[in-house]
Amino acid sequence: MPAASARPSAAHGQSLRDRLPAFPWDKLEPYKKTAAAHPDGIVDLSVGTPVDPVPELVQKALMDAADSPGYPTVWGTLALRDAITGWLERRLGARDVTHHHVLPVVGSKELVAWLPTQLGLGPGDKVAYPRLAYPTYEVGARLARADYEVYDDPRELDPSGLKLLWLNSPSNPTGRVLSKEDLAGIVSWAREHGVLLVSDECYLELGWDADPVSVLHPDVNEGSYDGVVAVHSLSKRSNLAGYRAAFIAGDPTVLGPLLEIRKHGGMMTPAPTQAAAVAALGDDEHVRVQRERYAARREALRGALLGHGFRIEHSEASLYLWATRDESCWDTVSHLADLGILVAPGDFYGEAGDRFVRVALTATDERVRAAVARL
């Protein structure tokens, strides 16, 4: 029997846990209970999880691949890599994309949370991300014990020690879209200072008042993928949040070592999910249909919120409306909860959001109609 001192103690787990902020969504539970007590039930516009059916052709592909007894490959099947490269060229305008430019991942949140660690970052290294941002960018830096800071314009950052620069266009939570000119300027700045630029583009196919552009477009990167990586997900565009299907694309000198590290870590997208992703990436019609659903919900909710005294900023893309009544976000959350509507407080995404709420478009048509009626 090993000596007691050789056994793992609770402190090992605590030391990792203690690097992380409190899980924000737990703070929303009392308001969720209030909203759920509404006579007509809750309208949950908080988390942003898809509610519409998985496209039938994707379900069929999953079922056809259900008999998959062997281990899947981390790099993905040839069919999946072909599907990704084809989609990048067809949809994003990327050029000369090979299999060495792509890497499947097990959902984009996993990638965001563990990328700084997998890049070998640590104390003394800096990670930067937008002032209003998806909380997992900070979590990833904390897990790696790296330093982190926020920005309004990344070109105003001190580049010393900066190893990873996150972009997010369209933005979660604000829906803001960076112009092609801004993206090109930021890519140029990052290259000049030797900073790896990773662009989270998971909402790119959901532009409403703007047409989002990828950092993989030659007008942005000058025809080179050096120092540039893009993150894409099938969760929103194809309702595949439950499948955990995503990928990264860009600089092969970054993706190659990541592939080796992820092989050691067993970070494999399940084989049926890989087959489903091939089907989803090869079909544009279901994306068009889903966009129309979200566009109608967006128009209805936007009009109702404006009529209720809200002001909406940005929100030109993505699955959210970034709304304010010029009061504490928690006062707004409470007010809407009394109407049976649950939204996300803006301070979940940074202190700069403390007077905003994020309103998701991811509710059924029936629930959206209920929210509009209550507003």
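Below, the structure is looked at part by part. (Residues numbered from 1 in each chain as written. Predicted model: local features only at pLDDT ≥ 70, side-chain atom pairs only at ≥ 80, totals over all residues. Heavy atoms only, no water.)

Remarks on the overall build of the chain
Step number 1: Within the chain, the secondary structure is distributed over 13 helices and 13 strands.
Step number 2: Expected size for 375 residues packed as a compact globule is a radius of gyration near 21 Å; at 21 Å, the chain falls within 12% of this value.
Step number 3: Expressed as lengths along the three principal axes of its C-alpha atoms, the size of the chain is roughly 55 × 55 × 55 Å.
Step number 4: Buried positions account for 53% of the 375 residues belonging to the chain.
Step number 5: Of the contacts made within the chain by residues no fewer than 6 positions apart, 74% connect residues no fewer than 24 positions apart.
Step number 6: Approximately 16,300 Å² of the chain is accessible, and the part contributed by carbon and sulfur atoms is 53%.
Step number 7: Taking the average place of the 39 positive charges on the side chains of the chain and the average place of its 50 negative ones, the gap between the two points comes to 4 Å. (Helix = DSSP H or I, 4+ residues; strand = E, 2+ residues; numbered from the N terminus. Rg over C-alpha atoms; globule rule 2.2 N^0.38 Å. Buried < 20%, exposed > 50% of the residue type's maximum accessible area, 1.4 Å probe, protein only. Contact = heavy atoms within 4.5 Å. Areas by Shrake-Rupley, 256 points an atom, 1.4 Å probe, with all protein chains shown as cover. Lys, Arg positive; Asp, Glu negative; His and termini not counted. Charge placed at Lys NZ, Arg CZ, Asp CG, Glu CD.)

Some thoughts on the packing of aromatic side chains
Step number 1: According to the stated counting rule, one finds 11 aromatic pairs in the structure shown.
Step number 2: The interplanar angle of 35 degrees and the centroid separation of 6.2 Å between the aromatic rings of Tyr129 and Tyr137 together place this pair among those described as tilted.
Step number 3: With a relative accessible area of 7%, Tyr129 lands in the buried category.
Step number 4: Each residue in the set Trp25, Tyr31, Trp330, Phe348 and Tyr349 is aromatic and connected to the rest through ring pairs, giving one cluster.
Step number 5: Cation over ring: Arg81 sits above Trp75, and NZ or CZ is 3.8 Å from the ring centre. (Phe/Tyr/Trp six-rings, centres within 6.5 Å; stacked < 30°, edge-to-face > 60°. Lys NZ or Arg CZ within 6 Å of the ring centre and 35° of its normal.)

Considering the environment of His314
Step number 1: Among the secondary structure elements, His314 is positioned in the loop between strand E9 (311-313) and strand E10 (320-324).
Step number 2: Take His314: its relative accessible area is 44%, and that puts it in the partly exposed class.
Step number 3: In sequence terms His314 and Asp211 are 103 residues apart; their C-alpha atoms lie 13 Å from each other.
Step number 4: Discounting residues that sit within four places of it in the chain, His314 has contacts with Thr174, Gly175 and Arg176.

What to know about the sheet that holds strand E4 (residues 147-151)
Step number 1: Taking strand neighbours across the sheet as the criterion, the 7 strands line up as E2-E8-E7-E6-E5-E3-E4 in an open arrangement whose pairing is mixed. A strand with exactly one partner marks an edge of an open sheet, and here the two such strands are strand E2 (102-105) and E4. Taking the axes of each pair of neighbouring strands and ignoring which way they run, one obtains an average angle of 20 degrees across the sheet.
Step number 2: Alignment of E2 against strand E8 (residues 246-250), held across 4 bridges, turns out to be antiparallel. Bridge pairing in E8 links Val105 to Ala246.
Step number 3: The sheet contacts of helix H9 (residues 252-265) involve E2, strand E6 (196-200), strand E7 (228-233) and E8, and relative to E2 the element is tilted by about 40 degrees. (Pairing = 2+ DSSP bridges. Axes fitted to C-alpha atoms, helices over the stretch in contact; angles between N-to-C directions.)

What about the sheet that holds strand E12 (residues 344-345)?
Step number 1: The sheet built from 4 strands is open, its strands ordered E9-E10-E13-E12 with antiparallel pairing. Each edge of the open sheet carries a strand with a single partner, namely E9 and E12.
Step number 2: As defined by bridge partners, E12 adjoins strand E13 (residues 357-360) across 2 bridges and the pair is classed as antiparallel. In the sheet register, Ala344 faces E13, and the bridge partner there is Arg358.
Step number 3: Seen against the sheet, helix H11 (residues 285-307) touches E9, E10 and E13 and runs at an angle of roughly 5 degrees to E10.

Considering the pattern of salt bridges
Step number 1: Going through the model one piece at a time under the given rule, you end up with 24 salt bridges.
Step number 2: As a salt-bridge pair, Arg262 and Glu110 come within 2.7 Å of each other at their nearest N and O atoms. Of this pair, Arg262 sits in helix H9 while Glu110 sits in helix H5 (residues 108-118); the two residues are 152 residues apart in sequence, bridging distant segments of the chain.
Step number 3: The buried category is assigned to Glu110, whose relative accessible area is 17%.
Step number 4: Among the charged side chains, a network of salt bridges with common partners joins Asp40, Glu366, Arg367 and Arg374. (Salt bridge = Lys/Arg side-chain N within 4 Å of Asp/Glu carboxyl O.)

Comments concerning the packing of H5 against H9
Step number 1: Relative to each other, H5 and H9 sit at 105 degrees, their axes nearing to 12 Å. Between H5 and H9, the angle is such that the two are roughly perpendicular. Across from Glu110, Leu111, Leu115 and Gln118 in H5, the residues of H9 making contact are Leu258, Ile261 and Arg262.
Step number 2: For the contact of H5 with H9, the residue count by class is 4 nonpolar, 1 polar and 2 charged. (Parallel < 35°, antiparallel > 145°, perpendicular 65-115°, else oblique. Nonpolar A, V, L, I, M, F, W, Y, C, P; charged D, E, K, R; others polar.)

Some remarks on the nonpolar core
The tendency in soluble globular proteins is for nonpolar side chains to be buried as a group.
Step number 1: Counting residues in each nonpolar core, the largest one holds 65 residues, and the members touching the most others are Leu45, Leu164, Trp166, Val198, Ile248, Val343 and Val357.
Step number 2: It is helix H12 (residues 329-338) that provides the largest number of residues to this core, a total of 5 residues.
Step number 3: In contact with Val198, not counting residues within four places along its chain, are Leu115, Leu164, Leu165, Trp166, Leu167, Val229 and Val231.
Step number 4: Counting residues in each nonpolar core, the second largest holds 43 residues, with Val58, Val97, Leu167 and Ala230 among its members. (Core = buried A, V, L, I, M, F, W, Y, C linked by side-chain atoms within 4.5 Å.)

Examining the environment of Val278
Step number 1: Relative to the helices and strands, Val278 resides in helix H10 (residues 271-281).
Step number 2: According to the relative accessible area criterion, Val278 is partly exposed, its value standing at 26%.
Step number 3: Distance from Val278 to Ala61, taken between C-alpha atoms, is 8.3 Å for residues 217 residues apart in sequence.
Step number 4: Setting aside residues no more than four positions away along its own chain, Val278 makes contact with Ala79, Leu80 and Ala83.

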